[in-house]
Amino acid sequence: MANNRKKDEVLDLNSYRSGSSAKKRKRKVKKSTKVRVLRGLLAFFLVCVMVFCIGVGGFLIYVFNFIDDEFAVDLEELKLNCTTTIYVKEGENWVEFQRLHGNENRIWVSYNDIPQDMKDAFVAVEDKRFFKHGGVDWKRTISAFANYFLHFYSSNQGGSTITQQLVKNLTGDKAQTPDRKIREIMRARNLETQYSKETILECYMNVVSMANNISGVQVAANYYFNKPVEELSLSECAALAGITKNPEKYRPDIYLDNTIERRDTVLMLMLDQGYITQEEHDRAVAEKLNVVADPANIKRVEINNYFVDALIDDVIDDLKTLYNCSDEDASLMFYNNGYQIYSTVDMKIQNRCDTVFENVKTYGLKSHGETMQGAITVMDYEGHILGMAGGIGEKTTNRGFNRATMAIRQPGSTMKPIAAYAQAIEKDIITYSSAVNDNRRYFGKWAPNNWYGGNKGYITAHFALEYSVNTIPTYLVNDIKPRVSYDFLTKTLGCNNLTNEDANLAPLGMGGTNGGLTTTDSAAAYAIFGNKGVYHEPTTYYYITDMKGNVILDYDEKGVQAIGEDTAVVMNHMLQNVVYGGSGTGRGAGGYVSNMRIFAKTGTSNNTRDLWFVGGTPYYVASCWTGYDNNYTINSSSIAQRMWGAVMKDIHKGLEAKKFATSKYVSKRYYCADTGLLATTKCENKHIGYYKNSYLPICSHHGGTILPPISGSNATFSGKSGVVKGKVTGMLVKKEEEESSSEGSSSGESSSENSSTNSNSSGGTLIPSH
């Protein structure tokens, strides 16, 4: 048994070898499996790398071919929607009067004028690595990207830098999509390669939204704290910087508690980042925010006055011409290009115009249930509009119907001085005292009628104007030629609202026009009688600059010599007779400005549908019109004169007495009351007039030599036309003076004939031979 057991226990080497080989094979199998796994993993990794490379390559191809990374905005010449500002003159200084803007209210402020605390506050709260990165903060960007797909946070996280936010604000590209973010990143990096950090930060602080339709730190400082941004405290700077996270939530005029909480956060960030000390932090936190939030702080006016409406229209028209663009484009430029407009308005005069014309109780006459309307334009003698009103009653709309610039009305007898008398004197057809024949004369089947219903025979030219005779100016237009008179009005005096049908006797001689004049047209035309004959196109501004201070529009102050200064001075004296002459249709107006002389002319259209009073002092010229929009008859013949006087009396208070300019080319002389010609030593009945030295027709009826000019004479007009030492000379002695008008101090004349189809046939000379 033992032997057998031993035998059985004999080591079988083959078996051993065989078992050893099996183990080796197992180990090889395990090794090959690991290799295969490693190879598989390597292959998978390589495939992933290839897929990643292909993906990245495809992404880059997409980015460079399909993502628009162009940023065609020149920050140095940045043109944003900036507020336009109107300035008015107070003494020698220009002061801000009103701001006008489109959808965004923004006043650009330079980097150097922004307080350092404001710059630091924005960087601390918006982009603490702003001065270190190249336009993109990759840490914040990657976090924002990851959250977009994996939603780590409850809401999308902002990874935008100040540069990226500027890009977003300037491009308006604000979609919450990956491709927009890629565009923004590429544009931001592009921007950082072209501009300094200071320029980028300046632009950002000028475009950022500050709620209440306010953009940028300057207007925000004005509105919320009634300060320019340069004067803000640290606490106020932090408050404004904090608004940008959510402008409506943190606006201090409504949610002050939110503003204070956000301000304290900004101050803490500034402390943590080393911008302020603990002491500065504590003092700023303790400071009470004095929020004013008044629209007046930013010169916001809900309803413009009539002058501002006219100025807007003028500037838009001039921008349209300057840039050869449409009305729409010019309007967008006006409201959004940040222009600085240096206006001509005198606020004392404008306020007086507003006060008088808002007085419906006194001046708002009623007819057929309609309130009478009116307009006035007040100018100086260089074309500058100083004030205007375009309606009677409270103004309720912006850029509505401004009658001072838009109401084209028949001028009535106010047409006579500019269409007839001035041109006749300029052309030596008449003198101040020429004998003119008031008797009826026909042109074809038509003849002008006088408002007083008769004819006075031979009268002096100055009396014809004083008494507003209709026949004489019509005859003068016939001698001048209607087309010549019309061209003078439209091409020299800017009366561009007349029509071709107005190149005729009745429209030009009596003012019964088919087109007409506005009060602005009229005031500008009459200014030639107070400034030695120079016409200035009416303007509402002196000059306009862009945001950089470059002048883009500049009013031409030179003007045009419309008539000779001698003619202008003679006409001035003739028009003074309308006010101070015994038969003047505007007598009584002299009481409005008692220490200075006034020249003036009244006007009444057919059926008293329009009443005018146009006149000037040595300081100002003004044209006032009243009437109904629906052409009803006016039941007060003096209303226009009274409204003119209510404005002019007040604005002359406190002004030093002044005289109209004289001319070395005009002399004060005696004329013969028998002939209307210059008096000689033999003429017994003499009166005083004013004459161009270049044209002195001498009386030959009585013989003798011409009398010299009057120098230092005390002879003056005193109550009646042409009264000298108590002798009447309104009309020539060939016809006894008829009874004067009983019209009182108001206009009694009327253009009773308004036909535009009259004949232009010649009617012979007006001045008889003696």
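These figures come from a predicted structure and were not determined experimentally.

Draft legend 1. Structural detail: unusual backbone geometry. Unusually for a residue other than glycine, Asn324 sits at a positive phi of about 50°. Looking at where Asn324 falls in the secondary structure, it is placed in the loop between helix 12 (306-323) and helix 13 (327-336). Assessed through its relative accessible area of 72%, Asn324 is described here as exposed. Here Lys481, not a glycine, exhibits a phi torsion of approximately 90°, which is positive.

Draft legend 2. View of the sheet that holds strand 3 (residues 340-343). If you trace the five strands from one edge of the open sheet to the other, you get 2-1-3-11-12, paired in mixed fashion. At either margin of the open sheet sits one strand with a lone partner, and together these are strand 2 (93-100) and strand 12 (551-554). The average angle at which neighbouring strand axes cross in this sheet is 25°, direction not considered. Bridge count for strand 1 (residues 84-90) against strand 3 is three bridges, and the pairing is parallel. Paired with Thr85 across the strands is Gln340, a residue of strand 3. Contacts from helix 12 reach strand 1, strand 2, strand 3, strand 11 (541-545) and strand 12 within the one sheet, and its direction differs from that of strand 12 by about 115°.

Draft legend 3. Layout of the sheet that holds strand 6 (residues 373-379). With respect to topology, five strands assemble into an open sheet ordered 7-6-16-15-14, the strand pairing being antiparallel. A strand with exactly one partner marks an edge of an open sheet, and here the two such strands are strand 7 (385-389) and strand 14 (599-604). Ignoring strand direction, the axes of neighbouring strands in this sheet form an average angle of 5°. Where strand 6 meets strand 16 (residues 621-627), seven bridges bridge the pair, whose relative direction is antiparallel. In the sheet register, Thr377 faces strand 16, and the bridge partner there is Ser623. Most of the contacts of helix 24 (residues 639-651) go to strand 15 (residues 610-616), to which it runs at about 30°, and overall it touches strand 6, strand 15 and strand 16.

Draft legend 4. Geometry of the pairing of strand 12. As paired elements, strand 11 and strand 12 share three bridges and run antiparallel to each other. Each residue of the ladder has a partner; that of Thr545, found in strand 12, is Val551. Turn length for the strand 11-strand 12 hairpin, with the two strands adjacent in sequence and antiparallel, is five residues, and the turn residue Gly549 shows positive phi of about 90°.

Draft legend 5. Structural detail: the packing of helix 12 against helix 13. Put simply, helix 12 and helix 13 touch, their axes get as near as 8 Å, and they point 115° apart. The element helix 12 and its partner helix 13 pack so that their crossing is right-handed. Every residue of helix 13 that contacts helix 12 at Leu311, Ile312, Val315, Ile316, Leu319, Lys320 and Tyr323 is listed here: Asp327, Ala330, Ser331, Met333, Phe334 and Tyr335. Each residue belonging to the contact of helix 12 with helix 13 can be placed in one class, and the counts come to 10 nonpolar, one polar and two charged.

Draft legend 6. Structural detail: the environment of Lys366. With respect to the element layout, Lys366 can be found in strand 4 (residues 366-367). Not counting residues up to four positions away in its chain, the partners in contact with Lys366 are Thr371, Tyr628 and Asn635. Within polar-contact distance, the side chain of Lys366 engages the side chain of Thr371 at 2.5 Å.

Draft legend 7. The arrangement of the nonpolar core in detail. Core analysis: the biggest nonpolar cluster contains 130 residues, and Phe334, Tyr421, Leu489, Leu493 and Phe529 have the highest contact counts within it. With nine residues, the top contributor of residues to this core is helix 12. In this structure Tyr421 touches Lys416, Ile430, Ala461, Ala464, Leu465, Val469, Ile472, Pro473, Leu476, Met571 and Met574, once residues within four positions along its chain are discounted. Counting 56 residues, the second largest nonpolar core, distinct from the first, contains Leu166, Ala188, Ile214 and Val266.

Draft legend 8. Quick peek at the pairing of strand 16. With respect to burial, strand 16 is a largely interior element, seven of its seven residues being buried. Burial along strand 16 is two-sided: Val621, Ser623, Trp625 and Gly627 facing one way and Ala622, Cys624 and Thr626 facing the other are all buried. Pairing analysis gives seven bridges linking strand 15 to strand 16, with the strands arranged antiparallel. Bridging across to strand 16, Gly615 finds its partner in Ala622.

Draft legend 9. The pattern of salt bridges, seen in detail. According to the stated counting rule, one finds 18 salt bridges in the structure shown. Here Glu236 and Lys227 are joined by a salt bridge, their closest N and O atoms 3.0 Å apart. By relative accessible area, Lys227 is classed as partly exposed at 25%. For Asp253, the salt bridge is made with Arg251, and the minimal N-O distance between the two is 2.7 Å. A relative accessible area of 25% means that Asp253 is categorised as partly exposed. It is possible to trace a salt-bridge network through shared partners that takes in Glu248, Arg251 and Asp253.

Thresholds applied
Residues numbered from 1 in each chain as written. Predicted model: local features only at pLDDT ≥ 70, side-chain atom pairs only at ≥ 80, totals over all residues. Heavy atoms only, no water. Helix = DSSP H or I, 4+ residues; strand = E, 2+ residues; numbered from the N terminus. Buried < 20%, exposed > 50% of the residue type's maximum accessible area, 1.4 Å probe, protein only. Pairing = 2+ DSSP bridges. Axes fitted to C-alpha atoms, helices over the stretch in contact; angles between N-to-C directions. Contact = heavy atoms within 4.5 Å. Left-handed = near helix turned anticlockwise from the far one by under 90°. Nonpolar A, V, L, I, M, F, W, Y, C, P; charged D, E, K, R; others polar. Polar contact = N/O pair within 3.5 Å; in protein donor to acceptor, adjacent residues only side chain to side chain. Core = buried A, V, L, I, M, F, W, Y, C linked by side-chain atoms within 4.5 Å. Salt bridge = Lys/Arg side-chain N within 4 Å of Asp/Glu carboxyl O.

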